[in-house]
Amino acid sequence: MSLKGKVALVAGATRGAGRGIAIELGAAGAVVYVTGRTTRAQQSEYRRPETIEETAELVSAAGGTGIAIQVDHLIPEQVERLIARIRTEQGRLDILVNDVWGGETLKEWDKPVWAHNLENGLRLLDLGVRTHLITAHVALPLLIERPGGLLVEVTDGTSEYNAEHYRINPFYDLAKVAVNRLGWAHAKDLAPHGATSVSITPGWLRSEMMLEAFGVREQNWREATQRIPHFAISETPRFVGRAVAALGADADRARWNGQSLSSGQLARVYGFTDLDGSRPDAWRYVVEVQDAGKPADTTGYR
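The shown structure was predicted, so the numbers you read here are calculated from the model rather than taken from an experiment.

How each quantity is defined
- Residues numbered from 1 in each chain as written.
- Predicted model: local features only at pLDDT ≥ 70, side-chain atom pairs only at ≥ 80, totals over all residues.
- Heavy atoms only, no water.
- Helix = DSSP H or I, 4+ residues; strand = E, 2+ residues; numbered from the N terminus.
- Phe/Tyr/Trp six-rings, centres within 6.5 Å; stacked < 30°, edge-to-face > 60°.
- Buried < 20%, exposed > 50% of the residue type's maximum accessible area, 1.4 Å probe, protein only.
- Lys NZ or Arg CZ within 6 Å of the ring centre and 35° of its normal.
- 1 Å grid on protein atoms, 1.4 Å probe; cavity = no way out; pocket = protein on both sides within 12 Å on 5 of 7 lines; lining within 4 Å.
- Points joined across faces, edges and corners; volume = space filled by probe spheres on them.
- Nonpolar A, V, L, I, M, F, W, Y, C, P; charged D, E, K, R; others polar.
- Core = buried A, V, L, I, M, F, W, Y, C linked by side-chain atoms within 4.5 Å.
- Contact = heavy atoms within 4.5 Å.

**Comments concerning the environment of Ile-95**
In step 1: In this fold, Ile-95 is placed in strand 4 (residues 95-98).
In step 2: A sequence separation of 65 residues divides Ile-95 from Ala-30, and the C-alpha atoms of the two residues are 9.6 Å apart.

Shown next as structure tokens:
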């Protein structure tokens, strides 16, 4: 999965899936611009310790070139300055990963629209959808200057799963369905330029926030399965990162254009594994085991 000579932008790479994707693009040899709002000098409203500088350092340590730039992707002028800098410094953009989110502390579980805090819900949509549109609007003209470009829209849940399952509340549901649709819609516009657009979802992600919420660390994450048995199917952020790197290195990536993909699905196709050597297929597990009310058992799913 060599990406030497390629230039990538991971929008929303401070933590979670964005950080995992940035690291794996770096491991494949790419120059990776990583953006987010939290730096060592300034935090976002998340008040989290992870920073874009840390992500850039991890990219470089993995073998790539990590470049951290603070950007609020809700502000078009900041995105315009970012893309102008990439154009000046690199003269190209080969991979755009739209991973901006920031809505974890805004969503309310199992609340109808009239019971959910309206300001938080609308802010969630701004962070989860509007940022993706702004970034695509500004960045895609550079990406399509060379044939073979790749746009990856990161979401939660495949199109198939989200079409049949209500995701937490109307605001969250709309945000995650919309990003899948963006991956499909952009594919129509990018195909004539020789570029590919997909949406991708990780499975049950062992992000920094998830591990903290469950009171474990990556080293002892399995202890959380004593309280949440189905957490056994979870995966590291690097797993979806390897999925994106595999797409980026695939000369025949256009076969995926417009499709909704998952990390587990692509692992079966490309043969990569998670850091522990397993291949968790979370979305198949969720349907066939978790949602079916069966006891937690990952046999045949990782």
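**Some points on the packing of aromatic side chains**
In step 1: For the coordinates displayed, the defined rule picks out 9 aromatic pairs.
In step 2: Both rings, one in Trp-221 and one in Phe-231, keep their centres 5.7 Å apart while their planes meet at 85°; by these two values the pair is edge-to-face. Here Phe-231 lies in the loop between helix 7 (208-213) and helix 8 (237-249) and Trp-221 lies in the loop between helix 7 and helix 8, a separation of 10 residues in the sequence. Per residue, the accessibility class of Trp-221 equals that of Phe-231, and both read buried.
In step 3: By way of ring pairs, the aromatic residues Trp-204, Phe-214, Trp-221 and Phe-231 are connected into one cluster.
In step 4: Geometry around Trp-221 places Arg-206 over its ring, the cationic atom sitting 3.8 Å from the centre.

**Some points on the layout of surface pockets**
In step 1: By volume, the second largest pocket amounts to about 440 Å³.
In step 2: In terms of lining, the second largest pocket is formed by 20 residues, of which the most central are Arg-206, Glu-208, Leu-211, Glu-218 and Pro-237.
In step 3: Within the residue set of the lining of the second largest pocket, elements represented by two or more residues are helix 1 (16-27), helix 2 (52-62), helix 7 and helix 8.
In step 4: Among the elements that make up the lining of the second largest pocket, the one with the highest residue count is helix 1 (4 residues).
In step 5: Of the residues in the lining of the second largest pocket, the class split is 8 nonpolar, 5 polar and 7 charged.

**Considering the nonpolar core**
In step 1: Counting residues in hydrophobic clusters, the biggest one holds 35 residues, and the most contacted among them are Leu-25, Val-97 and Ile-200.
In step 2: In terms of residue count, helix 8 provides more of this core than any other element does, 7 residues in total.
In step 3: Ignoring anything within four residues of it in the chain, the contact list for Leu-25 reads Leu-3, Ala-8, Val-10, Ala-30, Val-32, Ile-95, Val-97, Val-244 and Ala-245.
In step 4: With 23 residues, the next largest nonpolar core counts Ile-67, Ile-83, Ala-136 and Leu-151 among its residues.

Purely spatial values, then, with no claim about function.
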